[in-house]
Amino acid sequence: MQGQNALIVIDVQNDFCSGGALAVPDGDGVIGRINGLMEDFGTVILTQDWHPATHRSFASQHPGAAAYDLTEMPYGPQVLWPDHCVQGTPGAAFHPDLRTDPAHLILRKGFRAGIDSYSAFFENDRTTPTGLEGYLRSRGITGVTLVGLAFDFCVAYSALDAARLGFDVRVLEGACRAIDLDGSAAAQRAAMQNAGVLLEA
Ligand code: VGL
Ligand code: ZN
């Protein structure tokens, strides 16, 4: 039997859209396409970046540091971000135009103060699981299609982990937007291609 395919919608939240604290250029531009895609999948999963106010990925928690600086965390290098997607704030809510009713699962990530979680599968130590792998496997899902924000961070990390775990992975680049920090969009596109991720428009 051929396995099922799930649509995973990454972090389409107010803070990543126009006017948000960590606005991705044209972030809102993905919403219409994503809403339409939901019809095509038997399983739709939304992820939500969900940080405590004192999250260590925030530049505000590192005296002297500026947003977009790189720092060392116990688990490796970490970009420092403007405060964003703080639990329970309007910035952490899904964009009001994103359809959420079709979602079977809303997965929150990044809720531990000491560790960031770009990927929907593992936190940034690359070993602490979110539980998404088990959810997918127990539902017979063998393929995932990824869309959302940001292409070069949470989408890419999720896609690379999914490929490493053996899922068939497709990223619809036209339904993503990138932050593009120091060439990160091109670098992550290459990494995904090398990992066997199918990149489509
Ligand atoms: C993201 C930076 C920080 C993302 C989340 O959703 O790509 N990027 N937190
Ligand atoms: Zn975040």
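Residues numbered from 1 in each chain as written. Chains lettered and ligands numbered in written order. Predicted model: local features only at pLDDT ≥ 70, side-chain atom pairs only at ≥ 80, totals over all residues. Heavy atoms only, no water.

Now, about the pattern of salt bridges: what can you tell me, with residues and values included?
By the definition in use, this model includes ten salt bridges. Where R137 meets E133, a salt bridge forms, and the shortest distance between an N and an O atom there is 2.9 Å. Of this pair, R137 and E133 both sit in helix α2 (residues 132–138), four residues apart, which is roughly one turn of the helix. For R137, a relative accessible area of 42% puts it in the partly exposed group. Among the salt bridges present, the one from R164 reaches D161, with a minimum N-O distance of 2.8 Å. (Salt bridge = Lys/Arg side-chain N within 4 Å of Asp/Glu carboxyl O. Helix = DSSP H or I, 4+ residues; strand = E, 2+ residues; numbered from the N terminus. Buried < 20%, exposed > 50% of the residue type's maximum accessible area, 1.4 Å probe, protein only.)

Which residues make up the site of ligand 1, and what values go with them?
Taken together, D11, F16, L22, D49, W81, H84, L149, A150, F153 and C154 are the residues near ligand 1. H84 places a polar side-chain atom, nitrogen or oxygen, 3.1 Å from a nitrogen atom of ligand 1. Computed on the free molecule, ligand 1 has an accessible area of 260 Å², of which 100% lies beneath the protein chains in the complex. Placement of ligand 1 is best described as lying within the largest cavity. A class-by-class count of the residues in the shell around ligand 1 yields seven nonpolar, one polar and two charged. (Near = heavy atom within 4 Å. Polar contact = N/O pair within 3.5 Å; in protein donor to acceptor, adjacent residues only side chain to side chain. Areas by Shrake-Rupley, 256 points an atom, 1.4 Å probe, with all protein chains shown as cover. 1 Å grid on protein atoms, 1.4 Å probe; cavity = no way out; pocket = protein on both sides within 12 Å on 5 of 7 lines; lining within 4 Å. Sits in = over half its atoms within 2 Å of the grid points. Nonpolar A, V, L, I, M, F, W, Y, C, P; charged D, E, K, R; others polar.)

Account for the coordination of the zinc ion (ligand 2), naming residues and giving values.
Looking at the metal site, the zinc ion (ligand 2) is ligated by D49 (OD), H51 (NE2) and H84 (NE2), spaced 2.0 to 2.2 Å from it. Angles of 88 to 168° at the metal separate the four donor atoms of the zinc ion (ligand 2), which places the site in the irregular class. Sequence positions of the residues that donate to the zinc ion (ligand 2) give the spacing D-x1-H-x32-H. You can see H51 sitting in the loop between β2 (43–49) and β3 (70–73) and its partner H84 sitting in the loop between β4 (76–79) and β5 (105–109), a full 33 residues away along the chain. Note on accessibility: H51 and H84 belong to one class, buried. (Donors = N, O, S within 2.8 Å, 3.2 Å for Na, K, Ca; no water. Tetrahedral: all angles 85-135°; square planar, octahedral: opposite > 155°, others 65-115°.)

Explain the layout of surface pockets residue by residue, including any values.
Approximately 310 Å³ is the volume attributed to the largest pocket. As for the largest pocket, its lining consists of 17 residues, and the residues nearest its centre are P77, V79, Y118, F153 and Y157. Sorting the residues of the lining of the largest pocket by element identifies β4, α3 (151–164) and α4 (184–194) as the ones contributing at least two each. A total of four residues in the lining of the largest pocket trace back to one element, the largest contributor, which is β4. Across the lining of the largest pocket, the residue classes break down as nine nonpolar, five polar and three charged. (Points joined across faces, edges and corners; volume = space filled by probe spheres on them.)

Hey, could you go over the packing of aromatic side chains for me, with residue numbers and the actual values?
Under the criterion given, the structure shown has six aromatic pairs. Their ring planes at 70° and their centres at 5.5 Å tell us that Y118 and F153 sit as a pair that is edge-to-face. Of this pair, Y118 sits in the loop between β5 and α2 while F153 sits in helix α3, and the two are 35 residues apart along the sequence. One exposure class covers both Y118 and F153, and it is buried. Ring plane angle 70° and centroid distance 4.8 Å describe the contact between Y118 and Y157, whose orientation is recorded as edge-to-face. You can see Y118 sitting in the loop between β5 and α2 and its partner Y157 sitting in helix α3, a full 39 residues away along the chain. Here Y118 falls in the buried class, since its relative accessible area comes to 6%. Taken together, the ring pairs connect Y68, W81, Y118, F153 and Y157 into an aromatic cluster. Directly above the ring of W50 sits R108, whose terminal nitrogen or CZ lies 3.7 Å from the centroid. (Phe/Tyr/Trp six-rings, centres within 6.5 Å; stacked < 30°, edge-to-face > 60°. Lys NZ or Arg CZ within 6 Å of the ring centre and 35° of its normal.)

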